[in-house]
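Okay, here's what each chain looks like letter by letter:
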Amino acid sequence: MAKIWDDLKSNVKVWSSAAVEKAEEVSKVAVAKTEELTKLSKIKLDIHNIQREIRKKTYLFGKFVYSQASESNIVNFAEYFLKLSEKLGVIQSQLNPKAIKSIIIELYGNIKESKTIMLAFVKGILSHRNPDRVNYINAETLLKENNINVTYSLSNQNISYENMIKTVVKSDDDDVKICASLFQGNRSRLVNLFDYELDIVPNGIMFFIKNIDKPGVIGKIGTILGDSKINIKEFLLSKKKSSELAFSVVRLDSIPSQQVIDKINSLDEVQSIQLLNC
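Reading the values: rules and limits
- Residues numbered from 1 in each chain as written.
- Predicted model: local features only at pLDDT ≥ 70, side-chain atom pairs only at ≥ 80, totals over all residues.
- Heavy atoms only, no water.
- Helix = DSSP H or I, 4+ residues; strand = E, 2+ residues; numbered from the N terminus.
- Buried < 20%, exposed > 50% of the residue type's maximum accessible area, 1.4 Å probe, protein only.
- Contact = heavy atoms within 4.5 Å.
- Areas by Shrake-Rupley, 256 points an atom, 1.4 Å probe, with all protein chains shown as cover.
- Arc of directions from axis to C-beta.
- Pairing = 2+ DSSP bridges.
- Core = buried A, V, L, I, M, F, W, Y, C linked by side-chain atoms within 4.5 Å.
- Axes fitted to C-alpha atoms, helices over the stretch in contact; angles between N-to-C directions.
- Phe/Tyr/Trp six-rings, centres within 6.5 Å; stacked < 30°, edge-to-face > 60°.
- Expected span 1.5 Å × (residues − 1).

Quick notes on the overall build of the protein chain
Line of reasoning, step 1. From N to C terminus, the protein chain includes five helices and ten strands.
Line of reasoning, step 2. By the burial criterion, 34% of the 278 residues in the protein chain qualify as buried.
Line of reasoning, step 3. When contacts within the protein chain are restricted to residue pairs at least 6 apart in sequence, long-range pairs at least 24 apart make up 66% of them.
Line of reasoning, step 4. For the protein chain, the exposed area adds up to about 17400 Å²; of that, 54% sits on carbon and sulfur atoms.

Description of helix 4 (residues 217-227)
Line of reasoning, step 1. Buried residues of helix 4: V217, I221, I224 and L225, and no others. End-on, the buried residues of helix 4 take up no more than an arc of 95 degrees, which puts them together on one face.
Line of reasoning, step 2. Buried residues belonging to helix 4 abut strand 7 (205-212), strand 8 (232-239), strand 9 (245-252) and helix 5 (258-265).
Line of reasoning, step 3. Backbone geometry just after helix 4 places K229 at a positive phi near 60 degrees.

Remarks on unusual backbone geometry
Line of reasoning, step 1. The phi dihedral of F194 is positive, around 55 degrees, even though this residue is not glycine.
Line of reasoning, step 2. Secondary-structure assignment places F194 in the loop between strand 5 (187-193) and strand 6 (196-200).
Line of reasoning, step 3. Residue classification places F194 among the buried positions, given a relative accessible area of 11%.

Some points on the environment of V176
Line of reasoning, step 1. Summarising the element assignment, V176 is placed in strand 4 (residues 175-183).
Line of reasoning, step 2. Its relative accessible area of 4% is what places V176 among the buried residues.
Line of reasoning, step 3. Put simply, V176 and Q92 are 84 residues apart on the chain and 7.6 Å apart in space, counted from C-alpha to C-alpha.

Some thoughts on the pairing of strand 8
Line of reasoning, step 1. As paired strands, strand 8 and strand 9 are joined by seven bridges and run antiparallel to one another. Bridge pairing in strand 9 places L237 opposite S248.
Line of reasoning, step 2. Hairpin connection from strand 8 to strand 9: five residues lie between these consecutive antiparallel strands.

Concerning the nonpolar core
Line of reasoning, step 1. In terms of nonpolar packing, the biggest core is built from 41 residues, with I103, I165, L190, L193 and F208 touching the most fellow members.
Line of reasoning, step 2. By residue number, the principal contributor to this core is helix 2 (residues 114-126), which donates seven residues.

Focus on the sheet that holds strand 1 (residues 100-109)
Line of reasoning, step 1. Spatially, six strands are ordered 2-1-3-4-5-6 in an open sheet, and the strand pairing comes out mixed. Edge strands, defined here as strands with exactly one partner in the open sheet, are strand 2 (149-155) and strand 6. Sheet twist, expressed as the average angle between the axes of neighbouring strands with direction ignored, equals 20 degrees.
Line of reasoning, step 2. Inspection of the sheet shows strand 1 paired to strand 2 by seven bridges, in the parallel sense.

Section: the environment of N149
Line of reasoning, step 1. Along the chain, the position of N149 falls in strand 2.
Line of reasoning, step 2. Residues N149 and I104, 45 residues apart in the sequence, show an inter-C-alpha distance of 8.5 Å.
Line of reasoning, step 3. Discounting chain neighbours no more than four positions away, the residues touching N149 are K101, S102 and I103.

Observations concerning the packing of aromatic side chains
Line of reasoning, step 1. Counting across every chain of the model gives four aromatic pairs.
Line of reasoning, step 2. Arranged with centres 5.6 Å apart and planes meeting at 20 degrees, the rings of Y196 and F247 form a pair that is stacked. Pair noted here: Y196 is in strand 6 and F247 is in strand 9, with a separation of 51 residues, a long-range link. The same class applies to Y196 and to F247, which are both buried.
Line of reasoning, step 3. Through a chain of ring-to-ring contacts, the aromatic side chains of F194, Y196, F208 and F247 assemble into a single cluster.

Some words on helix 2
Line of reasoning, step 1. In a regular helix each residue adds 1.5 Å, so 13 residues correspond to 18 Å; helix 2 covers 18 Å between its end C-alpha atoms and thus fits that length.
Line of reasoning, step 2. With respect to burial, helix 2 is a largely interior element, eleven of its 13 residues being buried.
Line of reasoning, step 3. Buried within helix 2 we find S114, I117, M118, L119, A120, F121, V122, K123, G124, I125 and L126.

Next up, the structure:
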């Protein structure tokens, strides 16, 4: 009996040692698994933080690129408007060869630099009178020397265009109104001449003709120009519903002689003709 009891105690010790060893082994595995899971969790957290930082940097970079592009567009937009305003001044100068009394400039839409645009117009209109002197710095001084009064303003009035420059030049004989607009950011167009609605690229050699709206006028003008070997690039016609008069813009390939101008002006239907070279 004693022997059985001793064997049992011995086996219990063996079993206990084995159980402890097994427990320690399982514990080590559990600790290793826990450490592994902890490392994986930390790696996942690091990946998440990196992805969040990348998204943040991407957003900030995109915002920066957009702001730079927007500022560039604004600069380009203003530059195109200055060029258009100066071109309007050049056209008004050719349409008003006599002494100018006053200038009115009204700006519509998303135009901000009203004074700079005014100076660009003045530079254009005085370029024929003072070609070697006029610039943005002395434009206002030259206005005073020539006794020309100028007013300019921004208007929030609703118009048919996204933006527009309206210019009115007054002399002793007449008031000449010309309006222009920028389309798609940089495409300049004359949209109103003498209260006639048109769509004209303000470049090149052109006739501005006021005539009685009768059949055959275009043909007569075309014949005179054809006989003089002058090619017509474009012929635009505008008419008011309440008037028998029409306004024509004839774009030419070359400058016509004074004799050709006189022939067209002598037509019964033609009331006035002006040659422009922009």
